[in-house]
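Commentary on secondary and tertiary structure
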Amino acid sequence: MRSPRALLSGLAVVVLWASAFPAIRVAAPELGVAGLSLARLAIAALLLLVLAPILKVRIPARRDLPLILACAFFGMAAYQVLLNWGELDVPAGTASIIVAAAPLVSVAIAAGLLGERLTGLKIIGSAVALAGVALVSLTRSGFTASSALWIVIAAMVVQGIYHPLTKPLLKKYSGLEVATYCMVGGAVMLLPTVPFAWADLGQASPAAWWSAAYLAVLPSALGFVLWGYAVARISMATSTSLLYLVPPVAVLISFVWLGEVPYPGELVGGAVVIVGVVTVVLGDRLRVRWSSTRPVVELVETGQRDLDKLDHR
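Structural notes, computed from the coordinates. (Residues numbered from 1 in each chain as written. Predicted model: local features only at pLDDT ≥ 70, side-chain atom pairs only at ≥ 80, totals over all residues. Heavy atoms only, no water.)

**Remarks on the side chain of E260**
Inspection of the secondary structure puts E260 in the loop between helix 12 (246-258) and helix 13 (264-312). Nearest to the buried, unbridged E260 among oppositely charged side chains is R25, at 4.0 Å. Here the side chain of E260 touches A92 through a polar contact of 3.4 Å, landing on its backbone nitrogen. Each residue touching E260, except ones within four places of it in the same chain, is listed here: R25, P91, A92, G93, V251, S254 and F255. (Helix = DSSP H or I, 4+ residues; strand = E, 2+ residues; numbered from the N terminus. Buried < 20%, exposed > 50% of the residue type's maximum accessible area, 1.4 Å probe, protein only. Lys, Arg positive; Asp, Glu negative; His and termini not counted. Salt bridge = Lys/Arg side-chain N within 4 Å of Asp/Glu carboxyl O. Polar contact = N/O pair within 3.5 Å; in protein donor to acceptor, adjacent residues only side chain to side chain. Contact = heavy atoms within 4.5 Å.)

**What to know about the packing of helix 7 (residues 147-170) against helix 8 (residues 175-189)**
Working note: a packed helix pair is described by the angle between its axes plus the distance between those axes. At their nearest, the axes of helix 7 and helix 8 sit 10 Å apart, and the two run at 125 degrees to each other. Taken together, the axes of helix 7 and helix 8 lie oblique to each other. In terms of crossing hand, the pair formed by helix 7 and helix 8 is right-handed. Listed contacts from helix 8 to Y162, T166, L169 and L170 of helix 7 are G175, V178 and C182. Grouping the amino acids of the contact of helix 7 with helix 8 by side-chain chemistry returns five nonpolar, two polar and no charged. (Axes fitted to C-alpha atoms, helices over the stretch in contact; angles between N-to-C directions. Parallel < 35°, antiparallel > 145°, perpendicular 65-115°, else oblique. Left-handed = near helix turned anticlockwise from the far one by under 90°. Nonpolar A, V, L, I, M, F, W, Y, C, P; charged D, E, K, R; others polar.)

**Structural notes on the nonpolar core**
The biggest cluster of nonpolar side chains holds 80 residues, and the ones touching the most others in it are F21, L31, L36, L83 and M183. Once residues lying within four places of it in the same chain are set aside, the contact partners of L36 are I24, A27, A28, L31, N84, A212 and L215. (Core = buried A, V, L, I, M, F, W, Y, C linked by side-chain atoms within 4.5 Å.)

**Let's talk about the packing of aromatic side chains**
Throughout the structure, instances matching the rule amount to three aromatic pairs. When the ring of W17 is compared with that of W227, the centres are 5.5 Å apart and the planes differ by 50 degrees; the resulting orientation is tilted. Within this pair, whereas W17 is found in helix 1 (residues 2-31), its partner W227 is found in helix 10 (residues 206-233), the two being separated by 210 residues in sequence. For the pair formed by W17 and W227, the shared burial category is buried. Centre to centre, the rings of F73 and F74 are 5.2 Å apart; their planes meet at 80 degrees, and the pair counts as edge-to-face. (Phe/Tyr/Trp six-rings, centres within 6.5 Å; stacked < 30°, edge-to-face > 60°.)

Okay, here's the thing in structure tokens:
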């Protein structure tokens, strides 16, 4: 079955992308916004290009280039720059919480442009998950919104635009191919930033470079390949709702890696997020299963009542 494998791929992406937030906090201050964005995309693009002949990655059709470039801009270039910029001041856990709202943008676009149906349970689950995200966000930052927070919000929006844009491409190309096209496109788009990034790249410590390499190989290259596999096989609402799991995982990794101590409200909000995700991912399936078994249960109960009547006689 494809769906369980797609679900496992999505969960693996959750862990990889959650770990990216603390890695950015390590690398961005030394490599700089432009330097980290360029290094991450360039390393990931080179890795995918090296593997392309072995994995038989096809050259995209010319008519698909505009959509590929749009995906590269929103999901790679713009997202990297905005997130790296915002995380210079925003804690890793808080940034992950804000970006977790990206599925709301994705689901809205998928419903409006791709015609995907939103069931009542998915809407309720999304609302519950979003309430959890809001709780964690308010616990961490209160009601004030600094310019850095707005930059991370902008990163969330462009990430939400990226996911449904890949859906038509994933009907023609594999997840590996789409990730390769977009990663290469994003790296090329950031080449003009080399003069601004050169000084920071030359002065960065080995720890910063290791974090950049980690970001490129695992969250970027492998993460986007697995994400493409998942999105191609399950609905946009279900696949993107998995991203609500990123904040609690990111908070945990940030605690272990950076010593960022989560607040009690974040832990409660994380639990609420998980409840919402389970509702979105499994709610309809459990409802269908319950509906299919209910007639059998009613038949057994009716038979038992008939037997009780016979016993009384």
